[in-house]
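# Chains, contacts and geometry: an overview
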Amino acid sequence: MTGDLKRRRALGLAATALAAPLVVRPAAAQTTWPAKPVRFVVPFPPGQAADIFARLMAEKLTDVWKQQVIVENKAGGSGIPATEYAKNAPPDGYTLMVVSSGTFGVNPSLFPDLPYRPLVDFLPISNIFLVPLVIVAHPSFPANTLPELIELARKDPGKYSYASAGPGTSQHLSMELFKLKAGIDVVHVPYKGSGPAMADLLGGHVKLMMDSTAAALGAISDGRIKALALTTARRAAPPLDKIPPIAETLPGFDAAGWSGLAAPARTPLEIVAKVNRDLQALLNEPEIIRQIEQKAAMPAPGSPIQFAEFIKKEIDTWGEVVRATGTKPGT
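## Description of the packing of aromatic side chains
For the coordinates displayed, the defined rule picks out nine aromatic pairs. Each ring, one from Trp33 and one from Tyr94, has its centre 6.0 Å from the other, and the planes form 50°; the classification is tilted. Of this pair, Trp33 sits in the loop between helix 1 (3–19) and strand 1 (38–42) while Tyr94 sits in the loop between helix 3 (80–87) and strand 3 (95–100), placing them 61 residues apart in sequence. Overall, the relative accessible area of 13% leaves Tyr94 in the buried class.

Right, here's the structure in full:
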């Protein structure tokens, strides 16, 4: 069976399970849930966007469910150990996984021996937020708009370079996707994290960078760097609303960091449905929307099936980029 057929079959299994009548379940699944604390496993250290919003959701759901929702950080290893840990947790709804563009979108193509399959070993519940990435430049860089950048790079292939947070990161692969769509050659300069890359950009040692809006917003706002374009298909809320999306120059371009919630496979579907309903209610509250947008992110509520389809699209998109660029972990 080809890789594409496997992914299609996995998506079909996930969609079939999520669409099945909720009444056809074992009697044990009909008991009141939650009856004890619930854990959100986060594959990142405290302070990152996925952790921040997981804690926000945990705080609000603690009030809704009348049970403590505990955020458990298990950082490292490109999120693989944490995801495998959640995969092997009892499928009773008391351990839920905070999944991301890296763990569920990129890792399936980047790691040939990945010990989990996103749409087979997990049931998607809902996306929570999207974080646009942004192409930024040092003030001395000659291009002030994305069309000008494309024109410069096409005129002198290989002359310009860009910094990223490291190989295989969303910053790296999103810039590579942009290069493929624009037909340009800009040299990748990988760093060990967004912080060192941004420091060199601010110092003028590199002239271009792809970074998260949350990380770059301060330097954009005070004029230390200039923003050329966002990676999302639509414009963001203020204060990012003046930055044009790449899609306005390259129609159809759409890429972002994201994070959502998933449950181990075989978790009762009525629990998946309840968590989804409660998340949707929160993500449509004006105050929650305001808090997410303040962090330069976008709320992304949706059904379990919509989230499964989104994950499938992400796997396909980043698989194409990984294959086209020959990207490997740490290279």
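Read on, since the account is not over.
## Section: helix 9 (residues 213–221)
Buried residues of helix 9: Thr213, Ala216, Leu217, Ala219 and Ile220, and no others. In this structure, the buried side of helix 9 is in contact with strand 4 (122–137), helix 8 (194–202), strand 7 (208–212) and strand 8 (226–230). Measuring from the side-chain oxygen of the N-cap residue of helix 9 to the backbone nitrogen of Ala215 gives 3.1 Å; that N-cap residue is Ser212. Two residues or fewer past helix 9, Gly223 is found with a positive phi of approximately 80°.

## Let's talk about the pairing of strand 6 (residues 187–190)
Relative to strand 6, strand 5 (residues 161–164) is paired through four bridges, and the arrangement is parallel. Directly across from Ser164, in strand 6, lies its bridge partner Pro190.

## Some remarks on the layout of surface pockets
In this approach a probe as big as a water molecule rolls over the atoms, and the regions it shows empty are the leftover space. Estimated volume of the largest pocket: approximately 1200 Å³. If you go around the largest pocket, you meet 44 residues; those closest to its centre are Phe44, Gln48, Thr169, Ser170 and Gln171. Of all the secondary structure elements, the ones that give two or more residues to the lining of the largest pocket are helix 2 (49–65), helix 4 (101–110), strand 4, helix 7 (170–182), helix 9 and strand 9 (256–264). No other element matches helix 4, which puts six residues into the lining of the largest pocket. Of the residues that constitute the lining of the largest pocket, the class distribution is 21 nonpolar, 21 polar and two charged.

## Remarks on helix 7
Helix length check: helix 7 (13 residues) gives 18 Å between terminal C-alpha atoms against 18 Å at 1.5 Å per residue, within 8%. Burial analysis of helix 7 places 10 of its 13 residues in the buried class, the great majority of the element. Gln171, His172, Leu173, Ser174, Met175, Glu176, Leu177, Phe178, Lys179 and Ala182 are the residues of helix 7 that are buried. Where helix 7 terminates, the next one or two residues include Gly183, which has phi positive at roughly 70°.

## Quick word on the pattern of salt bridges
Pairing between side chains of opposite charge can happen when their charged atoms approach one another. In the structure shown here, the tally under the stated rule is 10 salt bridges. Salt-bridge contacts for Asp51 lead to Arg55; the nearest nitrogen and oxygen are separated by 3.0 Å. With a gap of four residues between them, Asp51 and Arg55 both fall in helix 2, about one helical turn apart. Assessed through its relative accessible area of 2%, Asp51 is described here as buried. Judged by its relative accessible area of 36%, Arg55 falls in the partly exposed class. Asp222 serves as the salt-bridge partner of Arg224, at 2.9 Å between the closest nitrogen and oxygen. Within the structure, one salt-bridge network assembled from shared partners comprises Arg39, Glu72 and Lys74.

The rules behind these values
Residues numbered from 1 in each chain as written. Predicted model: local features only at pLDDT ≥ 70, side-chain atom pairs only at ≥ 80, totals over all residues. Heavy atoms only, no water. Phe/Tyr/Trp six-rings, centres within 6.5 Å; stacked < 30°, edge-to-face > 60°. Helix = DSSP H or I, 4+ residues; strand = E, 2+ residues; numbered from the N terminus. Buried < 20%, exposed > 50% of the residue type's maximum accessible area, 1.4 Å probe, protein only. Contact = heavy atoms within 4.5 Å. Polar contact = N/O pair within 3.5 Å; in protein donor to acceptor, adjacent residues only side chain to side chain. Pairing = 2+ DSSP bridges. 1 Å grid on protein atoms, 1.4 Å probe; cavity = no way out; pocket = protein on both sides within 12 Å on 5 of 7 lines; lining within 4 Å. Points joined across faces, edges and corners; volume = space filled by probe spheres on them. Nonpolar A, V, L, I, M, F, W, Y, C, P; charged D, E, K, R; others polar. Expected span 1.5 Å × (residues − 1). Salt bridge = Lys/Arg side-chain N within 4 Å of Asp/Glu carboxyl O.

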